[in-house]
Amino acid sequence: MAWNHTSTVTASSLQVPFLGNLVESLSVTALVILFTTYAILYFAQTIPLSKNEPPIIPSRIPFLGHVLGMLFQGGRYVKNLGLQNPHHPIFTLPIPLSRIYIITSPTLALPLQRLPPSTLSFTPLIPNITKRVLGLNPHTVDVISQAMDPLPGQHIGFLADMADLVKSTLAPGEEMNALLSRMEHELKSLLNAYVPPPPSQREIDLLAWTRNLVALATARSLYGASNPLEGIEGSFWEFDHGLGGLLVGICPQVTARKAYRGREKLVQSFAAWLRNGKHKEADVAPIIANRVAMAAKHGWELQEVARSEVSFLFAGIVNTATTSFWGVLQTFNDPKLLGGLRAELAVDPNSKTIEARLRDAKLLLEAVVNECLRLGSDTYSTRVVVPKEGVEVEVKGKEYWFQGGAMVQISGGTIHASKENWGEDAREFKPERFLKGVSFKNFRAFGGGQTLCPGRNFALAVVRLLIAMVVTKFDIEVVGGKIPEKEDGVLPVHILEPKERVMVKVSVRDEREFGDFGATDKTSR
Ligand code: HEM
């Protein structure tokens, strides 16, 4: 035993130096291979595909780094890359098998977004995005994919037809004004009926309150008193909050369970509403009746029309609600601003209706809304490079080459936060900057070009209306008296939300109801 033991020890002790050397040289070899592969990959990602491809910003993890950055840091990742590279107004992010071209200069953004859809277009992305987010069936996706970017005189597909309808209805004019009056009526009713909670439980969540106001007023204005959102608003916000997961589209029933469930509940409610012919009722806005008729004309099934209407209601509510939240918060957190707004809203003693006040004096209010949008919007305007072989375009006397199928994104977040565009105080909330006159080419909250928001004029009017009404009727104390940071680590599909909940104490400042203002004001004030 002893001998065996000794011999074993001897044998193994003989092998140790040999094994040790082997392991050592293997690990050195592995390290060399690893380092060489890394160096090759790192170098490979820095090679432009054409001499005029925009400058490349390599990532420490070749090809994957930027994708991981976007995945883990959301919109903040590209926004910060843009801010860290102000000398590159346009740059290339190499990603596996493709590129993303980022534009951070408004001077380049404007001409690029004006290029014809045969060069850069958003529409090729729509079928896939809507399929995932709205759960459209293959037949509808097929209908959507037809004639998406028709040239003059060509057959107009569903998307272009619908875009025309929405754009023309929401352009300033009679139809938009009619919709605005409905919105005003609904907001007034909601605010007149609002009873702040008793002092013992007086703190309310400001975002939840503004969301509720905008959601109900919008749904009632567009879809009438028996609208399909009534009673299931919670599902709407569940859908909204899980949109990113639905967009990723990997087994959404599991990975984005709440959003999926919320969306399906909304769809069922809209489908029942349509099935019962509610869209034909007198209090439904013409734009909705026309949208439903147009979808039917293009061969959409009822359940699919319901999905399309969920998306329209979403566009109508979400950004307006969050912008209103920031506007109310910023105003009540700054006594000077609040005083200024109240003075502005009371300028004409002979016409005290809220509409007249808004018409007569809206400069500061307009500035507040614009500043909230500037600071709250990290939105991207995204386009795909349509020619498969790539394309070279001349912008401002310089040639740029883009790879076919790659994405081109205008980074609103960078443009809005850039000191070059907005001055040293670019990060601060200073509505007065808009009173001094600013260049709106640096303002991208509504996107631009082919995808410029068709609801922008309506939305601006609604946010102003809501802030004006709240400022007139209520006093609000912001608990903690602090403006929270924005949650910019998400997919920036809409105006950024606060990182923390904002609790406020609301009390009624003026007992009179909206609507009676004109009559009462002349006598009592
Ligand atoms: C403050 C409120 C709002 C903001 C900040 C906003 C912003 C935007 C943005 C950034 C886009 C995409 C632009 C792009 O991709 O370049 C968009 C698209 C759209 N918005 Fe708005 N929006 C607001 C309110 C509204 C309202 C109230 C409506 C309708 C009543 C509306 C209807 C739409 C529609 C239908 C689209 C899709 C346009 C298309 O792809 O053809 N938006 N909006």
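Remember, predicted model here, so these are calculated numbers, not experimental data.

What counts and what doesn't
Residues numbered from 1 in each chain as written. Predicted model: local features only at pLDDT ≥ 70, side-chain atom pairs only at ≥ 80, totals over all residues. Heavy atoms only, no water. Helix = DSSP H or I, 4+ residues; strand = E, 2+ residues; numbered from the N terminus. Buried < 20%, exposed > 50% of the residue type's maximum accessible area, 1.4 Å probe, protein only. Contact = heavy atoms within 4.5 Å. Areas by Shrake-Rupley, 256 points an atom, 1.4 Å probe, with all protein chains shown as cover. Lys, Arg positive; Asp, Glu negative; His and termini not counted. Charge placed at Lys NZ, Arg CZ, Asp CG, Glu CD. Pairing = 2+ DSSP bridges. Axes fitted to C-alpha atoms, helices over the stretch in contact; angles between N-to-C directions. Donors = N, O, S within 2.8 Å, 3.2 Å for Na, K, Ca; no water. Salt bridge = Lys/Arg side-chain N within 4 Å of Asp/Glu carboxyl O. Phe/Tyr/Trp six-rings, centres within 6.5 Å; stacked < 30°, edge-to-face > 60°. Patch = residues over 30% accessible without salt bridge, like charges linked within 9 Å, V, L, I, M, F, W, Y side chains within 5 Å. Near = heavy atom within 4 Å. Polar contact = N/O pair within 3.5 Å; in protein donor to acceptor, adjacent residues only side chain to side chain. Nonpolar A, V, L, I, M, F, W, Y, C, P; charged D, E, K, R; others polar. Expected span 1.5 Å × (residues − 1). UniProt positions renumbered as here; feature names shortened; annotations may be inferred.

1. Description of the overall build of the protein chain
Next, step 1: When you go through the protein chain residue by residue, the secondary structure sums to 23 helices and 10 strands.
Next, step 2: Dimensions of the protein chain, computed from the C-alpha atoms along their principal axes, are close to 115 × 60 × 55 Å.
Next, step 3: Out of the 525 residues in the protein chain, the part that is buried amounts to 50%.
Next, step 4: Long-range contacts, defined as pairs at least 24 residues apart, comprise 73% of the intrachain contacts of the protein chain with a sequence gap of at least 6.
Next, step 5: Just so you have it, the protein chain exposes about 24,900 Å², and 59% of that area is on carbon and sulfur atoms.
Next, step 6: Side-chain charges of the protein chain comprise 55 positive and 51 negative groups, with the mean position of each set lying 1 Å from the other.

2. Some thoughts on the sheet that holds strand β3 (residues 120-121)
The strands making up a sheet associate through hydrogen bonds between their backbones, and the pairing can be parallel or antiparallel.
Next, step 1: Pairing is mixed across the open sheet formed by 5 strands, whose spatial order is β1-β2-β8-β5-β3. Either end of the sheet is taken by a strand with one partner, and the two such strands are β1 (90-95) and β3.
Next, step 2: For β1 and strand β2 (residues 98-103), the ladder comprises 6 bridges, and the chain directions are antiparallel. Across the sheet, the residue bridging to I95 is S98, located in β2.
Next, step 3: Helix α2 (residues 65-73) rests against β1 and β2 of the sheet, and its axis sits at about 100° to β1.

3. Observations regarding the coordination of the iron atom of the ligand
Next, step 1: Counting protein donors to the iron atom of the ligand gives just one, C453 (SG), placed at 2.3 Å.
Next, step 2: Of note, C453 is situated in the loop between α21 (432-435) and α22 (456-473).

4. Re the pattern of salt bridges
Next, step 1: For the coordinates displayed, the defined rule picks out 24 salt bridges.
Next, step 2: D488 serves as the salt-bridge partner of K79, at 3.3 Å between the closest nitrogen and oxygen. Of this pair, K79 sits in helix α3 (residues 75-84) while D488 sits in the loop between β9 (474-478) and β10 (503-508); the two residues are 409 residues apart in sequence, bridging distant segments of the chain.
Next, step 3: For R263, the salt bridge identified is with E264, shortest N-O distance 2.9 Å.
Next, step 4: Residue R263 is classed as buried on the basis of its relative accessible area of 4%.
Next, step 5: One continuous salt-bridge network, built from bridges that share partners, spans E371, R374, D425, E428, K430 and R433.

5. Observations concerning the packing of aromatic side chains
Next, step 1: Considering all chains together, one arrives at 17 aromatic pairs under this definition.
Next, step 2: Relative to W300, the ring of F158 lies with its centre 4.5 Å away and its plane at 35°, an arrangement referred to as tilted. Of the two residues, F158 sits in helix α7 (residues 158-170) while W300 sits in the loop between α14 (286-297) and α15 (302-332), which places them 142 residues apart along the sequence. The same class applies to F158 and to W300, which are both buried.
Next, step 3: Judged by centre distance (6.1 Å) and plane angle (40°), the rings of F236 and F314 are tilted.

6. Re a nonpolar patch on the surface
Next, step 1: Residues I61, L64, L68, L71 and F72 make up a contiguous nonpolar surface patch of roughly 520 Å² in combined accessible area.
Next, step 2: By the element assignment, L71 lies in helix α2.

7. Considerations on the site of the ligand
Next, step 1: Among the 20 residues in the neighbourhood of the ligand, the closest are listed as A315, N319, S381, T451 and C453.
Next, step 2: Between the ligand and A315 there is a distance of 3.5 Å, counted from a nitrogen atom to a backbone nitrogen or oxygen.
Next, step 3: Secondary-structure elements contributing two or more residues to the shell around the ligand are α15 and α22.
Next, step 4: Classifying every residue of the shell around the ligand gives 10 nonpolar, 10 polar and no charged.

8. Re α7
Next, step 1: In a regular helix each residue adds 1.5 Å, so 13 residues correspond to 18 Å; α7 covers 18 Å between its end C-alpha atoms and thus fits that length.
Next, step 2: Every buried residue belonging to α7 is among F158, L159, A160, D161, M162, L165, V166, T169 and L170, and all of these are buried.
Next, step 3: Looking at the buried positions of α7, the neighbouring elements they touch are α5 (126-134), α6 (138-144), α8 (174-193), α14, α15 and α22.

9. Focus on the pairing of β2
The side chains of a regular strand alternate between the sheet's two faces.
Next, step 1: With 6 of its 6 residues buried, β2 lies for the most part within the structure.
Next, step 2: Where burial is concerned, the two faces of β2 agree: the one with S98, I100 and I102 and the one with R99, Y101 and I103 are both buried.
Next, step 3: Hairpin connection from β1 to β2: 2 residues lie between these consecutive antiparallel strands, with L97 at a positive phi of about 65°.
Next, step 4: The sheet contact formed by β2 and strand β8 (residues 407-411) spans 4 bridges and is parallel. Following the sheet pairing, I100 is matched in β8 by M407.

10. Section: the UniProt feature "transmembrane region" (unreviewed entry) in the protein chain
Next, step 1: In the numbering used here, UniProt assigns the "transmembrane region" (unreviewed entry) feature to residues 26-44.
Next, step 2: For residues 26-44, the helix share is 100%, the strand share is 0%, and the end-to-end C-alpha distance is 26 Å.

11. Here we look at the pairing of β10
Next, step 1: Pairing of strand β4 (residues 203-205) with β10, which is carried by 3 bridges, proceeds in the antiparallel orientation. From the neighbouring strand, E203 faces β10, where its bridge partner is K505.
Next, step 2: Bridging between β9 and β10 involves 5 bridges; their strand directions are antiparallel. Looking across to β10, one finds that D475 is bridged to S507.

12. Notes on unusual backbone geometry
Next, step 1: Of note, the phi angle at A147 is positive, near 35°, even though the residue is not glycine.
Next, step 2: The residue A147 is located in the loop between α6 and α7 in this model.
Next, step 3: Phi at K396 is positive, roughly 50°, even though this residue is not glycine.
Next, step 4: Topologically, K396 is positioned in the loop between β6 (391-395) and β7 (398-402).

13. Some points on the sheet that holds β10
Next, step 1: The strand order β4-β10-β9 describes an open sheet built from 3 strands, whose pairing is antiparallel. Either end of the sheet is taken by a strand with one partner, and the two such strands are β4 and β9. Across the sheet, the mean angle separating the axes of adjacent strands is 45° when strand polarity is ignored.
Next, step 2: Lying on the sheet, helix α9 (residues 206-223) is in contact with β4, β9 and β10; it crosses β4 at an angle near 60°.
Next, step 3: This element, α22, spans β9 and β10 of the sheet and lies at about 95° to β9.

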